[in-house]
Amino acid sequence: MAQDLKQLPAWTALAKHAGAMREVLMRDLFARNPGRFRRFSLRLGEHLLLDYSRNRVTEETMRLLYDLAAARNVAARARAMFAGERINITEGRAVLHTALRNRGNQPVLVDGQDVMPAVNAVLERMRDFVGAVHDGRWRGATGKRIDTVVNIGIGGSDLGPRMVVEALRADRKPGMRPFFVSNVDGADIGWVLAEANPETTLFVIASKTFTTQETMANAASAREWLAGKLGEGAVPNHFVAVSTNEKGVTAFGIDARNMFGFWDWVGGRYSLWSAIGLPIALAIGFEGFEALLCGAHAMDRHFLEAPPDENLPLTLGLIGIWNANFLGFPAVAVIPYDQGLHRFAAHLQQVDMESNGKAVGLDGRAPGVATGPVVFGEPGTNSQHAFFQLIHQGPVPVPVDFIAPLESRKPMGRHHELLLANMLAQGEALMRGKTEVEVRAELATQKISAAAIEALAPHKVFGGNRPSNTILMKSVDPYCLGALTALYEHKVFVQGAVWGINSFDQWGVELGKQLAGDILEAWKALDPGTESESLVELVGRAQQKGRG
Ligand code: G6Q
């Protein structure tokens, strides 16, 4: 199926249309149509606005893109996901992060079983636990209240909750200090422990499998540290777990009553809505966590119900396909103009690249077209002073998603105006560029020689015509952040559906894990060697052994 993608009439029509669009200048499109911004922007109520007018698209482009989505059954595939079908075919699993935020509570069946009662039961346990920590019913072993929460997890058990906790700093419960430890580099846990008071610290060990090497190593070090300070008996008051593996959790020494469960149909990178969101609720309160779920649910309903040409995730996904597959731009920069969102691109890197970074289709054959783009980003305005040079004048255009809140959660004088003005200027500059005629006219006003103008002019020309989307959110509050995050999840879904790939497995992560295990085993078996043996030699020998 996927291999025939390029032969589909909807695809070939777009390829032909792209030929005609290559020379079209967005400047001209804006000049010809003063209503272009209104025509090419979409809303989710008062909460989110997607302006995609600064893309090289026309009415016809959009019609052809929506035709492509229809030809690839994107809507039907979305309904199958929401309905609990096992669309993750290589792992034989349903994909139901949407059930975790199903605030309408309609039944969601997996193998004839409604998952909602179990989802709601875990949410209720989270509510109780978070309330108990906040009001002091849950205390450390020496009777002191908890004021520090250290989440130990990696990948999906780290990036999502960390992103949200950072973004929602304005909602933080006074006195709560959240930390996240993910890297197996001992410095990560080491520096956090150096700042923590064992009597008032709660560790959340977050691991779907409860076997991940990094998390197990960090959890063991945290436990050793705590037991060393307060004694073994203190462990139950200071450790809880979030996992699907009860056996592993109890073997580690955490009572199953202090474990918050989730299910195999929650993919790691889509798990912040599950009990993996416990550090979010501990940081901002359970009501805030619920508001996050509500915002995501609103986006879910919108994705399922809005007509194609009003549908934000569908449109964002298709614009990405247009830029990647038809205009040939292989990367996307995600630039939030909000300091709180400084980990948003990091989260999205995983959601997008781990989902769609695949060169094999659902049918086991190559899709025959470019799939997962390279996604990267940093907040503006910082990124303007770093890699925006390449975005403005590099040889290959990099489409940009600008994201900003209309209201700041931490207003300071005129800072927010400065921030937004910068963002709007970047989008405009990328679109307009600066022609040689404009450059020469500008240089002519300066007191420099004709020869200098000649030499300088080519360096100062901006090709322009570079695409960007602008996403405005009301503010970075839990509801809008939930909606924004779900928007990107569904964007990734749309693209995976068009490309005909399984966005929900991650076999590519396995090989490195396996080899690291092999090398470690081989390493253990080595004679530590003489002092003269360098680390590099040791590793080399271990690798050889691992291969052998
Ligand atoms: C996410 C991936 C991966 C996973 C981590 C942690 O989709 O599967 O990033 O989240 O490897 O796994 P555990 O939660 O099992 O420790």
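The residue numbering used here restarts from 1 in each chain and proceeds along that chain's sequence as written. Note on the predicted model: pLDDT of at least 70 is required for a residue's local features to be given, and 80 or more for side-chain atom pairs to be given and counted; whole-chain, interface and lining totals, by contrast, use all residues. For side-chain calculations, the full set of non-hydrogen atoms in the structure is used, while hydrogens and water are omitted.

Examining the site of the ligand
Nearness is judged by heavy atoms alone; a residue qualifies as near a molecule or strand once a single heavy atom is within 4 Å of it. Close to the ligand lie 14 residues; Ser 157, Ser 207, Thr 209, Thr 212 and Gln 350 are nearest. The side chain of Ser 207 places a nitrogen or oxygen atom 2.6 Å from an oxygen atom of the ligand. For this analysis, a polar contact is any N or O atom pair within 3.5 Å, provided that within protein one partner can donate a hydrogen and the other can accept it, and provided that sequence-adjacent residues contribute only side-chain to side-chain pairs. Within the contact set of the ligand, an oxygen atom lies 3.5 Å away from a backbone nitrogen or oxygen of Gly 268. Residue burial considers only the protein chains on display, and all accessible areas are found by Shrake-Rupley using a 1.4 Å probe. Computed on the free molecule, the ligand has an accessible area of 400 Å², of which 89% lies beneath the protein chains in the complex. Residue polarity is assigned by list, with Asp, Glu, Lys and Arg as charged and Ala, Val, Leu, Ile, Met, Phe, Trp, Tyr, Cys and Pro as nonpolar; anything else, Gly included, falls into the polar class. Of the residues contributing to the shell around the ligand, the split by class is one nonpolar, nine polar and four charged.

A look at helix H7 (residues 116–135)
Helical periodicity: at 3.6 residues per turn, an α-helix aligns residues three or four positions apart in one direction. Secondary structure follows DSSP: runs of H or I at least 4 residues long count as helices, runs of E at least 2 residues long count as strands, and numbering of each begins at the N terminus. The length a helix should cover is 1.5 Å for every residue beyond the first. Over its 20 residues, H7 extends 28 Å from the first C-alpha to the last, a length consistent with the 28 Å expected when each residue adds 1.5 Å. Each residue's exposure class comes from its accessible area (1.4 Å probe, protein chains only) as a fraction of the maximum for that residue type: buried when under 20%, exposed when over 50%, partly exposed otherwise. Taken as a whole, H7 has its buried residues at Met 116, Val 119, Val 122, Leu 123, Met 126, Phe 129, Val 130, Ala 132 and Val 133. Note on H7: the residue one or two positions beyond its end, Gly 136, has a positive phi of about 85°.

Some remarks on the pairing of strand S2 (residues 48–51)
On S2, burial covers both faces: Leu 48 and Leu 50 on one face and Leu 49 and Asp 51 on the other are all buried. At least two bridges found by DSSP between two strands is the condition for calling them paired. Alignment of strand S1 (residues 41–44) against S2, held across four bridges, turns out to be antiparallel. From the neighbouring strand, Leu 44 faces S2, where its bridge partner is Leu 48. Count of turn residues in the S1/S2 antiparallel hairpin: three residues, of which Gly 45 carries a positive phi of about 50°. Relative to strand S13 (residues 468–475), S2 runs antiparallel, the two being bridged by four bridges. Within the sheet, the bridge partner assigned to Asp 51 lies in S13 and is Thr 470.

Details of the state of the cysteines
Only a pair of cysteine sulfur atoms within 2.5 Å counts as a disulfide in this structure description. Scanning the model with the defined rule gives zero disulfides in all. Looking at the unpaired Cys 294, the closest cysteine sulfur is the one in Cys 480, lying at 12 Å. By relative accessible area, which is 1% here, Cys 480 ends up buried.

A few points about the sheet that holds strand S12 (residues 400–407)
A sheet is described by the order of its strands in space; here six strands give the open sequence S1-S2-S13-S12-S10-S11, paired in mixed fashion. The strands lining the two open edges of the sheet, one partner per strand, are S1 and strand S11 (374–376). Each neighbouring strand pair of the sheet contributes to a mean axis angle of 15°, computed without reference to strand direction. Sheet analysis places strand S10 (residues 331–336) next to S12, joined by four bridges and oriented parallel. Across the sheet, the residue bridging to Val 334 is Asp 401, located in S12. Here, two residues are considered to be in contact whenever any of their heavy atoms come within 4.5 Å of each other. Throughout, an axis means a line fitted to C-alpha atoms (over the contacting stretch in the case of helices), and angles, computed between N-to-C directions, take values from 0 to 180 degrees. Each of S1, S2, S12 and S13 is contacted by helix H15 (residues 312–326), which is oriented at about 145° to S1, the strand it contacts most. Along the sheet, helix H21 (residues 478–499) contacts S1, S2, S12 and S13; its crossing angle with S13, the most-contacted strand, is approximately 150°.

Section: the packing of aromatic side chains
Any two rings among Phe, Tyr and Trp, with Trp reduced to its six-membered ring, count as a pair given centres within 6.5 Å; such a pair is stacked if its planes are under 30 degrees apart, edge-to-face if over 60, and tilted if neither. Taken as a whole and assessed by the stated rule, the structure comprises 19 aromatic pairs. Measuring from ring centre to ring centre gives 6.0 Å for Phe 203 and Trp 225, while their planes differ by 85°; the resulting arrangement is edge-to-face. Residue Phe 203 is located in strand S7 (residues 201–206), and its partner Trp 225 is located in helix H10 (residues 213–230); the two are separated by 22 residues in the primary sequence. Summarising the aromatic geometry, the rings of Phe 376 and Phe 387 are spaced 5.3 Å apart at their centres and angled 65° between planes, so their arrangement reads as edge-to-face. In this pair, Phe 376 sits in strand S11 while Phe 387 sits in the loop between S11 and helix H17 (388–393), placing the two residues eleven residues apart along the sequence. By relative accessible area, which is 22% here, Phe 376 ends up partly exposed. Counted as over-ring charges are cases with an Arg CZ or a Lys NZ within 6 Å of the ring centre that also lie within 35 degrees of the ring normal. Between the NZ or CZ atom of Arg 36 and the centre of the ring of Phe 30, over which it lies, the distance is 5.2 Å. Stacked on the ring of Phe 252, the Lys or Arg Arg 223 has its end atom at 5.5 Å from the ring centre.

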